[in-house]
Amino acid sequence: MLLTLENDPARAVALNSVTFLRDPFLLVDPHNFSLDQRTRITLFAMNLDLANGEDASAVTVEAEDSQHRIIQLPVEYVGKVPGFAWLSQVVVKLPDSVGGSGDIAITLILRGAKSNKATLRIH
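Thresholds, definitions, all that
Residues numbered from 1 in each chain as written. Predicted model: local features only at pLDDT ≥ 70, side-chain atom pairs only at ≥ 80, totals over all residues. Heavy atoms only, no water. Helix = DSSP H or I, 4+ residues; strand = E, 2+ residues; numbered from the N terminus. Rg over C-alpha atoms; globule rule 2.2 N^0.38 Å. Buried < 20%, exposed > 50% of the residue type's maximum accessible area, 1.4 Å probe, protein only. Contact = heavy atoms within 4.5 Å. Pairing = 2+ DSSP bridges.

Undergrad: Sorry if this is basic, but what is going on with the overall build of the protein chain here?
TA: A count of helical and extended segments in the protein chain gives 0 helices and 9 strands. Counting from the amino terminus, helix and strand elements in the protein chain follow one another as β-β-β-β-β-β-β-β-β. For 123 residues, the compact-globule estimate of 2.2 N^0.38 gives 14 Å, and the protein chain sits close to it at 14 Å. Dimensions along the principal axes, computed over C-alpha positions, put the protein chain at roughly 35 × 30 × 25 Å. A burial count over the protein chain gives 46% of its 123 residues as buried. Within the protein chain, residue pairs in contact and separated by at least 24 positions form 55% of the contacts whose partners lie at least 6 positions apart.

Undergrad: I tried to follow the pairing of strand β2 (residues 40-46) on my own but got confused; where do I start?
TA: Two faces belong to every sheet, and in a regular strand the side chains alternate between them. Judged by how many residues are buried, β2 sits mostly within the fold: 6 of 7 residues are covered. Alignment of β2 against strand β6 (residues 84-93), held across 7 bridges, turns out to be antiparallel. If you follow Phe 44 over to β6, its bridge partner there is Gln 89.

As structure tokens, then:
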């Protein structure tokens, strides 16, 4: 289950993985550790447990834009938040196809099971 804001339960709890700032997220961010300058977003989820031998490739993240296009967000990392065994973090990279989308609905998928949808704002 994706974590959402208490005061806005449709909006995902998500941070820029480098600056730790909330949305709106830019497609390209000069404050970045990668050569491609793409923004990476950290999503937070409960009950996301990888089986022994599974890695980030077991998790899929789909984004749905306002025109109902489904866009796969590359998953770069999945792991537990240190000190919080119940909380997982999923780091995704923003692809070209989400640039200027406004609000997108994010869904996590693990072994065919889909999470709730939560929104992010992309600039």
